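# Notes for the structure review
Spelled out, the chains give:
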Amino acid sequence: MRLSRYFLPVLKENPAEAQIVSHRLMLRAGMIKQSAAGIYSWLPLGLKVLKKIETIVHEEQEKVGHLAMLMPTIQSADLWRESGRYDDYGEEMLRFKDRHDRDMLFTPTAEELITDIFRGHVTSYKDMPLTMYQIQWKFRDERRPRFGVMRGREFYMKDGYTFDLTKEEALHAYNRHLVSYLRTYERMGLQAIPMRADSGPIGGDDTHEFLVLAETGESEVFYDSAVTDLTFGDREIDFDNVAECQSIMEEFTTKYARTDETHDEALFAEVPEERRKVARGIEVGQIFYFGTKYSETMGASVQDAEGKKVPVHMGSHGIGVSRLVGAIIEASHDDKGIIWPEGVTPFHCGIVNLKQGDDEADAACENLYKQLTKAGLEPLYDDRNERAGGKFATMDLIGLPWRITVGPRGLKNGVVELTNRKTGISEEMSPEAAIEKVIAQYL
């Protein structure tokens, strides 16, 4: 992509309405534009990051064998009355009537709808276990939407639903999700700590939230600092192996880590004092096991091996895809702008032409652009007729991990400048070496 043809409405000044870093930088970098309170248009740069995150979530879910699907954003109130949640959910649910005076709602979550799909098609234990998920827009009518995409009313979310014959099998599905989520977040350059949490309106006794530590987090968290030393890495996991998934689950959840809703001072006091930490965290996902709460009330039963009709055990598992864009920025930025981890960057590398219109500089930039594209990468070429300072400021603001700077002076010596956005370190090298180094970071 050439910046002269791209829609990137960057702002030089901080928007007055933006209270936290991610909201401020997303507006300044031309990633989003507010449409109404807590509702945003995703502009080209923001959409690219959103789709990168979505792709990682899909890939990791598919590795586990979960099945992607898509449910509507609008649901009938009848299903929610059947489960008993229609009146209990509260004012966050956006309710309305269609032209036939039927009660409808904009989906905040989809336990009822997926249960209805399951009960309509699955009647035997032989068709289980089953896990289906979607990545779809949701709506919760927050009283005070704020912090940009971190606490908006409309949001993009992965929600998955597990159906198992027994509690033991359902808890394995729970552990399987926890393990897959650890790898998902690490691929995005995040450390998301699983913390014992409150289930809220979803229900159930077993639930963990995944939180990214950040000063602007909405939750107060209490944890043993030893949990921040844990990494998932490149482990190869057999997700059908119950003991292996259970072992990893215990590894990442045995040490104390809880949100303020489930915090236990007595248990926290048992953590060595030097490792007792209190901070704030951003929730980026949550997993639930809630047993037969929905299957019993909605008649989602199957015949077991003995021919007996039994309610299925269920769980739901979410990842805040749009919220993750803000969470990554909160965790990775400086005073110049965003610093994208390489796994989710909208463009792999920026190319800055210091003297647009100079034949040699133009040709060198075109070659860099061509070679990086040929290698399967997406470079962003700043071919605008702007001052060098303005071009550097734009690149720093949008936070691409690598920048290649091309100018007549360097080209006379056969070199370009390759800069790492995170470290700020610049190196002079031949254009060919710069291409090879950038490609090596991704392929």
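Here, the structure is the one placed above.
Model, not experiment: these values are computed from the prediction. (Residues numbered from 1 in each chain as written. Predicted model: local features only at pLDDT ≥ 70, side-chain atom pairs only at ≥ 80, totals over all residues. Heavy atoms only, no water.)

### A short note on helix H5 (residues 167-187)
For H5, spanning 21 residues, the distance from its first C-alpha to its last is 31 Å, which sits close to the expected 30 Å at 1.5 Å a residue. Where burial is concerned, most of H5 is hidden: 15 out of the 21 residues are buried. The positive-phi residue at the C-terminal boundary of H5 is Gly189, with phi of around 80 degrees. (Helix = DSSP H or I, 4+ residues; strand = E, 2+ residues; numbered from the N terminus. Expected span 1.5 Å × (residues − 1). Buried < 20%, exposed > 50% of the residue type's maximum accessible area, 1.4 Å probe, protein only.)

### Here's the deal with the side chain of Thr109
The topology assignment puts Thr109 in the loop between strand E6 (103-106) and helix H4 (111-121). Look at Thr109 and you get buried, because its relative accessible area is 4%. Looking at Thr109, its side chain comes within polar contact range of the side chain of Glu111, at 2.7 Å. (Polar contact = N/O pair within 3.5 Å; in protein donor to acceptor, adjacent residues only side chain to side chain.)

### Section: the sheet that holds E6
Here three strands make up an open sheet; going across it, the order is E4-E6-E5 and the pairing antiparallel. Only two strands of the sheet have a single partner each, and these edge strands are strand E4 (74-76) and strand E5 (94-97). Put simply, the sheet's adjacent strands are angled 35 degrees from each other on average, direction ignored. Both E4 and E6 contribute to a ladder of three bridges, which runs antiparallel. From the neighbouring strand, Ile74 faces E6, where its bridge partner is Phe106. (Pairing = 2+ DSSP bridges. Axes fitted to C-alpha atoms, helices over the stretch in contact; angles between N-to-C directions.)

### Observations regarding the packing of helix H2 (residues 44-64) against H5
The contact between H2 and H5 brings their axes to 10 Å, and the two run at 145 degrees. For the element pair H2 and H5, the recorded crossing hand is right-handed. Counting all contacts with H2, which are made through Ile56, Val57, Glu59, Glu60, Gln61, Lys63 and Val64, the residues of H5 involved are Arg176, His177, Ser180, Tyr181, Arg183, Thr184 and Arg187. Per-class residue counts for the contact of H2 with H5 are four nonpolar, four polar and six charged. (Left-handed = near helix turned anticlockwise from the far one by under 90°. Contact = heavy atoms within 4.5 Å. Nonpolar A, V, L, I, M, F, W, Y, C, P; charged D, E, K, R; others polar.)

### Considerations on the sheet that holds strand E20 (residues 379-382)
Across the sheet, which stays open at both edges, the five strands sit in the order E20-E19-E21-E22-E23 with mixed pairing between neighbours. Among the strands making up the open sheet, the edge pair consists of E20 and strand E23 (426-429). When the angles between neighbouring strand axes are averaged without regard to direction, this sheet yields 20 degrees. As judged from the four bridges shared by strand E21 (residues 402-406) and strand E22 (residues 416-420), these two strands associate in the antiparallel manner. Paired with Trp402 across the bridge in E22 is Asn420. Against the sheet, helix H11 (residues 388-398) makes contact with strand E19 (349-353), E20 and E21, and its axis sits at roughly 170 degrees relative to E19, the strand it touches most.

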